[in-house]
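Structural overview for review
Spelled out from the first residue to the last, the chains are:
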Amino acid sequence: MQKIINQFLVLLLAFFLAWFLLSQIPFVSRDSMEKLSKKTEKKLGDLIVKSLESQGQKIYSAPLSQILDSIKQKICSRNSFDSLNIKIHVIDKTDINAFALPGDNLVIYSGLINYAKNADELAGVMAHEIAHIEKNHVTKKLLKEIGLAMLMTIAGGDAGPEIAKEVLRTLSSTGFDRKQEREADKIAAESMAKAGFDPTSLANFFFRLAQSDGNLPAGLEWITTHPDTNDRAAEILEIKKNLAFKPEVCIHTPWDDVKKLLGNHSK
Amino acid sequence: MVVSNDFERERASNIYLMSLVVVLVGLPLPILNLLATIIVYFSNKNSTFFVRWHSTQALLSQIFIVVVNSVGFSWTLSIVFGNEVVTNLYIGYIITLFLFNLLEFIATIKAAILVRNGKNISFWFFGPLTDLVCKP
């Protein structure tokens, strides 16, 4: 019996030793596969933002930026997120959509701001997208769908603007996987509560999207990239039950006035 | 080891050849290995000790490989369809998996030939383990 145990241990040892030694060979650079370097991410993000700006749809409104920044600031600072340098870009598009870009960029379409019923709903969507940035979901998704070689080419400036647009299309019109979406929902609900925003607002936003599903308004992008909205809204309400939440007023401008700030730019 | 006649040698040798084929099929779908070897094992359950001993050794060695391959298979699935990414740890595991499958492959060919010629072969660890579980 002792012989069998000894031989089994030797077999296991041989297996794990071979695995350990082979794992030491740098087949792939850890940095490049799990996370693009900050510099590459920033370069990639800048290129995509530039592509967005070149389409002449970016809204430059100082009061609006101030409001969005204060929401972002509150979410990040209260949750010790390493995303204080997140840049928010508001794009004049009627689609109800928001998405994160590499290099800590967050894009919000004016259609989504118009669709939100209050600041807390918008804060919910922002917290959700910030969670994707925090968890590095954006880079992971790009590495998976576009590939490292292509990303390096784009960041190196060797690719044409069409490819940057393709990356933008991937990020704006395809969702993350289910596990990542639920992880982002959970983080969003928790970070909202800590920042004094009501997580119920994010659930309400999901419920309204789910209800619109049957009678889908044109350009309702966020629901196509964020499926199972009903279930997820219910999960957010479940999470909220265990959260200590004290409502705080983050912005003092009435919500309708915030929407009016889009007015001069929205179609 | 007991003495065997020609029929038994052929039958025991075929068991190894069978597991050789399923190793190839079973690389992408590891459960096939185990299923095939379990079927062979049970179909030889009432056979002579010589045949039973070799079918048991083939089964036990397959179980080890199935565990190794299943981990590799699910890891690969989680990369292709899930959230995982290719790392050095993963590539190291896949190479180790192929090395162990190759070892199993070579050992199985050797076993098939030796057993066919009436010689006995006892694998490292699996041979003594078979002695323990397979009684005359």
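Since the model is a prediction, treat every value here as computed from it, not as a measurement. (Residues numbered from 1 in each chain as written. Chains lettered and ligands numbered in written order. Predicted model: local features only at pLDDT ≥ 70, side-chain atom pairs only at ≥ 80, totals over all residues.)

1. Some words on the overall build of chain B
The condition is simple: A run of DSSP states H or I qualifies as a helix once it reaches four residues; a run of E qualifies as a strand once it reaches two. Both are numbered from the N-terminal end. Note on burial: count the other C-beta atoms lying within 10 Å of the residue's C-beta; 20 or more is buried, 12 or fewer is exposed, in between is partly exposed, and C-beta positions come from the backbone. Residue pairs qualify as contacts under a 7 Å threshold applied to their C-beta atoms, which are placed from the backbone.
Scanning chain B for helices and strands turns up five helices and zero strands. Moving toward the C terminus, one meets the helices and strands of chain B in the order α-α-α-α-α. Per-residue burial for chain B yields a buried fraction of 32% across its 136 residues. Pairs at least 24 apart in sequence give 70% of the contacts found in chain B among residues at least 6 apart.

2. Some words on the overall build of chain A
Regarding its fold elements, chain A presents 14 helices and three strands. Residues classed as buried in chain A amount to 39% of the 267 residues present. A fraction of 74% describes how many contacts in chain A between residues 6 or more apart in sequence connect residues 24 or more apart.

3. Examining the interface of chain B and chain A
Basically, it comes down to this: Under the convention adopted here, Pro, Cys and the residues Ala, Val, Leu, Ile, Met, Phe, Trp and Tyr are nonpolar, Asp, Glu, Lys and Arg are charged, and Gly plus all remaining residues are polar.
Between chain B and chain A, the contact holds 19 residues from the first and 22 residues from the second. Those elements giving two or more residues to the side of chain B that touches chain A turn out to be helix H4 (88–116) and helix H5 (126–133) of chain B. Take the side of chain B that touches chain A: its biggest share by element is nine residues, from H4(B). Across the side of chain B that touches chain A, the residue classes tally to 13 nonpolar, six polar and no charged.

4. Section: the packing of helix H1 (residues 2–23) of chain A against H4(B)
We count it as follows: Where helices are involved, their axes are fitted lines through C-alpha atoms of the stretch in contact, as for all axes, and angles between N-to-C directions lie from 0 to 180°. Oblique is the label for any angle not covered by the other classes, which are roughly parallel (under 35 degrees), roughly antiparallel (over 145) and roughly perpendicular (65 to 115). What makes a crossing left-handed is the near helix being turned counterclockwise from the far one by less than a right angle; a clockwise turn instead makes it right-handed.
Running from N to C, H1(A) and H4(B) point in directions that differ by 135°, and their axes come no closer than 8 Å. Between H1(A) and H4(B), the angle is such that the two are oblique. Here the hand of the crossing between H1(A) and H4(B) comes out right-handed. Only B:Asn88, B:Leu89, B:Gly92, B:Tyr93, B:Ile95, B:Thr96, B:Leu99 and B:Phe100 of H4(B) make contact with H1(A), whose side of the interface consists of A:Phe15, A:Ala18, A:Trp19, A:Leu22 and A:Ser23.

5. Comments concerning the nonpolar core
How we decide: The nonpolar core is taken to be a set of buried Ala, Val, Leu, Ile, Met, Phe, Trp, Tyr and Cys residues joined by way of C-beta atoms within 7 Å.
Ranked by size, the top nonpolar core spans 59 residues in total, and within it A:Leu112, A:Ala123, A:Met126, A:Ile130 and A:Met192 carry the most contacts. For this core, the leading source of residues is helix H6 (residues 119–134) of chain A, giving nine residues. With near-sequence residues (within four places) excluded, A:Met126 lies in contact with A:Ile71, A:Lys72, A:Ile75 and A:Leu106. In this structure, B:Phe50, B:Ala112, B:Val115 and B:Phe125 belong to the second largest nonpolar core, which totals 17 residues.

6. Side note on unusual backbone geometry
A negative phi angle characterises most non-glycine residues, just as the trans form characterises most peptide bonds. Residue and element names in this part refer to chain A. Unusually for a residue other than glycine, Ser-80 sits at a positive phi of about 50°. Structurally, the position occupied by Ser-80 is in the loop between helix H4 (62–78) and strand E1 (87–91). Take Ser-80: there are 9 C-beta atoms within 10 Å of it, and that puts it in the exposed class.

7. Here's the deal with H6(A)
Residues and elements named next belong to chain A. So the rule is basically this: Expected span, for any helix, means 1.5 Å times one less than how many residues it has.
Here H6 is 16 residues long and its end C-alpha atoms lie 22 Å apart, about the 22 Å a rise of 1.5 Å per residue gives. Of all 16 residues in H6, 16 are buried, a share of seventy percent or more. One or two positions beyond H6, positive phi appears at Asn-136, with a value near 60°.

8. Focus: the pairing of strand E2 (residues 98–101) of chain A
Residues and elements named next belong to chain A. So the rule is basically this: Paired strands, as defined in this entry, are two strands with at least two bridges between them according to DSSP.
On E2, burial covers both faces: Ala-98 and Ala-100 on one face and Phe-99 and Leu-101 on the other are all buried. In this sheet, strand E3 (residues 105–109) lies alongside E2 in antiparallel orientation, the contact comprising four bridges. Within E3, the residue paired with Leu-101 across the bridge is Asn-105.

9. Considerations on the environment of B:Val51
Residues and elements named next belong to chain B. Residue placement: Val-51 occurs in helix H3 (residues 49–80). Considered as a pair, Val-51 and Arg-9 are 42 residues apart in the sequence and their alpha carbons are 7.6 Å apart. When sequence neighbours within four positions are dropped, the list of residues in contact with Val-51 reads Glu-8, Arg-11, Ala-12 and Asn-44.

10. Remarks on the sheet that holds E2(A)
Residue and element names in this part refer to chain A. Reading across from one edge, E1-E3-E2 is the order of the three strands in this open sheet, with mixed pairing throughout. Taken across any chain shown, the strands that pair with only one partner, and hence form the sheet edges, are E1 and E2. Between one strand axis and the next, the sheet turns through 20° on average, direction left out of account. In this fold H6 packs onto E2 and E3, with an angle of close to 25° to the strand it touches most, E2.

11. Quick word on the environment of A:Pro102
Residue and element names in this part refer to chain A. Within the fold, Pro-102 resides in the loop between E2 and E3. Remark: the alpha-carbon pair of Pro-102 and Lys-38, spanning 64 residues in sequence, is separated by 9.1 Å. Setting aside residues up to four positions removed in sequence, Pro-102 forms contacts with Glu-41, Leu-44, Gly-45, Val-138, Thr-139 and Leu-142.

12. Side note on the confidence of the model for chain B
Selection criterion: pLDDT expresses, on a scale from 0 to 100, how confident the predictor is about each individual residue.
Residues at a pLDDT of 70 or more form 89% of chain B, whose mean pLDDT is 81. Scored as a complex, the prediction yields pTM 0.59 and ipTM 0.82.

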